[in-house]
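Residues per chain, in single letters:
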Amino acid sequence: MAISYHRPTAIFVDLAVIKENVAHAVLQQQGKRDVFVAVKANGYGHGAVPVAKAAIAAGATGLCVATIDEGIALREAGLTQTILILGLVDVQWLPLIIQYHLAIPVATQEWLEEAWSVYQNERLSGQVYLHLAIDTGMGRIGFQENQAVLAAVHWLENHPSFVWEGIFTHFSTADETDTAYWKKQNERFNTLIATLPRVPRYIHTSNSATTLWREDVGNVVRLGIAMYGHNPSGGLLPMSPTLKPALSLESELVQVKKVPAGAGIGYGKSYETKQSEWIGTVPIGYADGFVRGMQGFYVLVEGQRCEIIGRVCMDQLMIRLPHSFETGTKVTLIGKNQEEVITIEAIAEHLGTINYEVLCLLAERIPRHYLNTTGIFE
Ligand SMILES: Cc1ncc(COP(=O)(O)O)c(C=O)c1O
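Keep in mind the model is a prediction, meaning the values are calculated, not measured.

Caption draft 1: Fine view of the site of the ligand. Taken together, K40, Y44, L86, R140, H170, N207, S208, R222, L223, G224, I225 and Y356 make up the full set of residues near the ligand. Note that an oxygen atom of the ligand is positioned 2.8 Å from one of the side-chain N or O atoms of K40. One of the side-chain nitrogen or oxygen atoms of Y44 is found 2.5 Å away from an oxygen atom of the ligand. Looking at the shell around the ligand, the elements that each hand over two or more residues are helix 2 (40-44) and strand 9 (220-223). Tallied by class, the residues present in the shell around the ligand amount to five nonpolar, four polar and three charged.

Caption draft 2: Seen up close, the packing of helix 1 (residues 15-28) against helix 3 (residues 48-57). At a minimum axis distance of 8 Å, the contact between helix 1 and helix 3 shows a crossing angle of 45 degrees. On the basis of the axis angle, helix 1 is oblique to helix 3. The two elements helix 1 and helix 3 meet at a crossing, and its hand is right-handed. Contacts between helix 1 and helix 3 pair L15, I18, K19 and V22 from the former with P50, V51, A54, A55 and A57 from the latter. Among the residues forming the contact of helix 1 with helix 3, the class breakdown is eight nonpolar, no polar and one charged.

Caption draft 3: Quick peek at the pattern of salt bridges. Applying the stated criterion across every chain, the model contains nine salt bridges. Note that D216 and R33 form a salt bridge whose closest N and O atoms lie 3.1 Å from each other. Of this pair, D216 sits in the loop between helix 9 (208-213) and strand 9 while R33 is found in the loop between helix 1 and strand 2 (34-38), placing the two residues 183 residues apart along the sequence. By the burial criterion, D216 is buried, and R33 matches it. Through salt bridges with shared partners, a single ionic network connects R7, D288, D315 and R365.

Caption draft 4: Representation of the packing of helix 6 (residues 109-121) against helix 7 (residues 146-157) in the model. Two numbers describe how helix 6 lies on helix 7: the axes approach to 10 Å, and their chain directions differ by 20 degrees. Taken together, the axes of helix 6 and helix 7 are roughly parallel relative to one another. When you trace helix 6 past helix 7, the crossing you get is left-handed. Residues Q109, L112, E113 and W116 of helix 6 lie in contact with helix 7, whose contacting residues are A151, A152, W155 and L156. Split by residue class, the contact of helix 6 with helix 7 holds six nonpolar, one polar and one charged.

Caption draft 5: Representation of the UniProt feature "modified residue: N6-(pyridoxal phosphate)lysine" (unreviewed entry) in the chain. UniProt feature "modified residue: N6-(pyridoxal phosphate)lysine" (unreviewed entry): in the numbering of this structure it lies at K40. Mapped onto the secondary structure, K40 falls in helix 2. Take K40: its relative accessible area is 28%, and that puts it in the partly exposed class. Leave out the neighbours within four places in its chain, and K40 touches C64, V65, A66, E70 and L86.

Caption draft 6: Up close: the side chain of N355. Mapped onto the elements of the fold, N355 is located in helix 11 (residues 355-361). A polar atom in the side chain of N355 sits 2.8 Å from the backbone oxygen of N231.

Caption draft 7: Seen up close, the environment of L212. Here L212 lies in helix 9. Put simply, L212 and E187 are 25 residues apart on the chain and 19 Å apart in space, counted from C-alpha to C-alpha. Setting aside its immediate chain neighbours within four residues, L212 contacts A226, P232, M239, S240 and L243.

Caption draft 8: Examining the domain arrangement of the chain more closely. Domain boundaries in the chain define domain 1 (15-228) and domain 2 (247-342). For domain 1 versus domain 2, the distance between C-alpha centres works out to 42 Å.

Caption draft 9: The arrangement of the pairing of strand 17 (residues 317-321) in detail. The buried fraction of strand 17 amounts to four of the five residues, a majority that puts the element mostly inside the structure. In terms of strand pairing, strand 14 (residues 277-282) meets strand 17 through five bridges, oriented antiparallel. Each bridged residue has a counterpart across the sheet, and for T281 the counterpart in strand 17 is M318. In this sheet, strand 17 lies alongside strand 16 (residues 304-309) in antiparallel orientation, the contact comprising two bridges. Within strand 17, the position partnered with I308 by the bridge is I319.

Caption draft 10: Structural detail: the side chain of Q109. Turning to its location among the elements, Q109 is positioned in helix 6. Q109 sits in the buried class, given a relative accessible area of 18%. A distance of 2.9 Å separates polar atoms of two side chains, one belonging to Q109 and the other to E113. Those residues in contact with Q109 that sit more than four places away from it in its chain are F143, A151, A152 and W155.

Caption draft 11: Structural view of the packing of aromatic side chains. Counted under the stated rule, the structure contains nine aromatic pairs. When the centroid spacing of 4.5 Å and the interplanar angle of 20 degrees are considered together, the rings of F297 and Y298 count as stacked.

About the cut-offs
Residues numbered from 1 in each chain as written. Predicted model: local features only at pLDDT ≥ 70, side-chain atom pairs only at ≥ 80, totals over all residues. Heavy atoms only, no water. Near = heavy atom within 4 Å. Polar contact = N/O pair within 3.5 Å; in protein donor to acceptor, adjacent residues only side chain to side chain. Helix = DSSP H or I, 4+ residues; strand = E, 2+ residues; numbered from the N terminus. Nonpolar A, V, L, I, M, F, W, Y, C, P; charged D, E, K, R; others polar. Axes fitted to C-alpha atoms, helices over the stretch in contact; angles between N-to-C directions. Parallel < 35°, antiparallel > 145°, perpendicular 65-115°, else oblique. Left-handed = near helix turned anticlockwise from the far one by under 90°. Contact = heavy atoms within 4.5 Å. Salt bridge = Lys/Arg side-chain N within 4 Å of Asp/Glu carboxyl O. Buried < 20%, exposed > 50% of the residue type's maximum accessible area, 1.4 Å probe, protein only. UniProt positions renumbered as here; feature names shortened; annotations may be inferred. Domains from an automatic or database assignment. Pairing = 2+ DSSP bridges. Phe/Tyr/Trp six-rings, centres within 6.5 Å; stacked < 30°, edge-to-face > 60°.

Structural data, given as structure tokens:
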């Protein structure tokens, strides 16, 4: 994907804010738990490598990604900390996993046995770092039966090249007001841990919501959305005011024109001017992750809300302006413009989705610029 540096649409990520958010989370753990940060999906749209470096500088000790390739990208950028892949991986990639020293989840005994065959057949050497995934009620990945976990633990004792580094589960309702199902999952995990003959180095269950709002076991948290300053529950549960969003999205007016009453705007002529109106064109569209559903929402120009009118095109959109502006005037699509702010959460609400999705959709072709609050440094 070619990053579009030569158009005035860009994402700004304040790494000082990321660092403050992570430092706050580290402080909250009072030295009792490690903070691993989730930088999968290009660091929730913020850029995985700069965010990972900032988080490590602020006290995080591990990184979570979704795929082998995301892990390799971090290693190639020089990150030496624990990198845990959260999704299941095929045994054929064992050589890469060993080469890049990636920790991986295991969900079945069959996987262990297949992986052992690959290890032997390909005459691999080196250690494979494994985290047993436990499905306590998410229904996604992991062992379901305690007996199967015990069998895997026993198997691992006889296969020292396969290092049992961790055990974890994932909660499905930690961001909701009703705690009953969360408690059930937590209890299942605790019961399992109590039956184990020994425990591995890392025990982890906490995502952001659990870290913010629940008491659970474990000596590691896997912090995602909260590190980026966003509320895992949208707005349902109160967010710590210390955690601040780090990302803004800006562009410029590339054309400003006055059109007569009755003019059609955009594909399908879904907006027709009621009177003579000032229309501005902004170079961002659904190919940037600024999806068609944004029609009817607004952007900020000199502190004023301007409605997105007509259908959002692939690379451009049109807005209704209160009066004429110079071309080149700044347009804020996410973030602060004078006294007005557009939050990711407001966009998510408009689209009927969650803040996570809005962030992850921001396309790689939008350049990311990194700030330290006082100026661009990367
Ligand atoms: C297994 C696992 N742990 C942790 C996280 C981080 O979650 P959050 O962004 O809600 O903190 C995720 C994200 O989806 C995940 O899948």
